[in-house]
Amino acid sequence: MEPAMKLVNVRKNIGKKEIIKDISFEVYPGEVFGFLGPNGAGKTTTIRMMAGLMRITSGDVHIHGVSVKNNFKDAIRHVGAIVENPEMYPFMSGWKNLKHYARMIPGITEDRIKEVIGLVGLEKAIHEKVGKYSLGMRQRVGVAQALLHRPSVLILDEPTNGLDPAGIREIRQYIRKLAEEENVAVIVSSHLLSEIELMCDRIGIIKNGEIITVEEVQEKSATDKELKVYIEASPLEEAFHVIQSVFDIKAEKEDGYILIDTTKENIPTIIQEFVNHKIQVFEINSKQSSLEDKFFEVIGENTIA
């Protein structure tokens, strides 16, 4: 499948300082791609270059094979974006705001305006003044505005910023719906790791202007996913020795428990080995490694995201 957007060795210098360092990744139609990183890592700078709002120092962004650097107009017509907060006229209704934006792009009909209003679920409130809208409703109008010209790439920078839990859930559901029903490639930047885990197909993590990893959110089967396993056993030292010597698994002791990282399918084998060594097992608790665990593993525990 041809990528909807492809970053090729993208760099950005401001003065003598290199802000973005040789970034490359691809995003495909119908995919929700999470773009994560700590504050100051280069997320917004990269997003601005993707959306054509900032000049690329070197490298290129290709949108459906069209170069942003060499053919900006044809490339960027495929892109819809909300960078930071959507701005609207508060004294006008949502409908009039969308009509106003539609005048800027040839070929947008009233039927298309009604279609995007339906996509974001604003039929009941669209004729009320935007000044009366909740933050979540304004975000939805922003998404509708970004979709008016039928983009194949939608870039959303912190789309759930400032929303309550209900608003966050609504925006997440609309983003998934857009990807699945409109076959839009959605790129989402967010600090809410739990939401990214629910929303995205793949993630890219950026740190100090470099892509550290790009991977699928649910890339492993249920039995292959790594778990954090807490074991209460006696004698503790002998159980600890068995895990390290027999299974060659990295283990540590914590508050009277043995803590290991392993897969679900290994747990019965570990228990059987304890029985063979006459070790008593009182408790085994497991927790699947989350995106948050992976994020801090990659970028470091003391970095604020």
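Residues numbered from 1 in each chain as written. Predicted model: local features only at pLDDT ≥ 70, side-chain atom pairs only at ≥ 80, totals over all residues. Heavy atoms only, no water.

In the annotation of an unreviewed UniProt entry, the entry for the chain reads ABC transporter ATP-binding protein, and the organism field reads Gracilibacillus xinjiangensis. Recorded in UniProt under Sequence similarities (unreviewed entry), the annotation for the chain is "Belongs to the ABC transporter superfamily." (UniProt positions renumbered as here; feature names shortened; annotations may be inferred.)

Caption draft 1: Quick peek at the sheet that holds strand β5 (residues 66–67). An order of β2-β1-β4-β5 is seen for the four strands of this open sheet, with the pairing classed as antiparallel. The two strands at the open ends of the sheet, each matched to only one other strand, are β2 (17–27) and β5. Relative to strand β4 (residues 58–63), strand β1 (residues 5–14) runs antiparallel, the two being bridged by five bridges. Bridge assignment links Leu7 to a residue of β4, and that residue is Val61. (Pairing = 2+ DSSP bridges. Helix = DSSP H or I, 4+ residues; strand = E, 2+ residues; numbered from the N terminus.)

Caption draft 2: Local environment of the pattern of salt bridges. All told, the structure shown has 10 salt bridges when counted by the stated rule. With a closest N to O distance of 2.5 Å, Arg11 and Glu18 form a salt bridge. Judged by relative accessible area, Glu18 falls into the partly exposed class, the value being 30%. Between Lys99 and Glu110 there is a salt bridge, with its nearest N and O atoms 3.1 Å apart. Of this pair, Lys99 sits in helix α3 (residues 94–102) while Glu110 is found in helix α4 (residues 110–119), placing the two residues 11 residues apart along the sequence. In the salt-bridge network here, residues are joined through shared partners; they are Arg112, Glu115, Arg150 and Glu182. (Salt bridge = Lys/Arg side-chain N within 4 Å of Asp/Glu carboxyl O. Buried < 20%, exposed > 50% of the residue type's maximum accessible area, 1.4 Å probe, protein only.)

Caption draft 3: Seen up close, empty space enclosed by the protein. If you walk through the whole model with that rule in mind, you get one cavity of 30 Å³ or more. Within this model, the largest cavity holds a volume of roughly 30 Å³. Forming the walls of the largest cavity are Val120, Arg140, Val143, Ile171, Tyr174 and Ile175. Where the lining of the largest cavity is concerned, the elements lending two or more residues are α5 (135–147) and α6 (165–182). At three residues, the largest contribution of residues to the lining of the largest cavity is made by α6. Classifying every residue of the lining of the largest cavity gives five nonpolar, no polar and one charged. (1 Å grid on protein atoms, 1.4 Å probe; cavity = no way out; pocket = protein on both sides within 12 Å on 5 of 7 lines; lining within 4 Å. Points joined across faces, edges and corners; volume = space filled by probe spheres on them. Nonpolar A, V, L, I, M, F, W, Y, C, P; charged D, E, K, R; others polar.)

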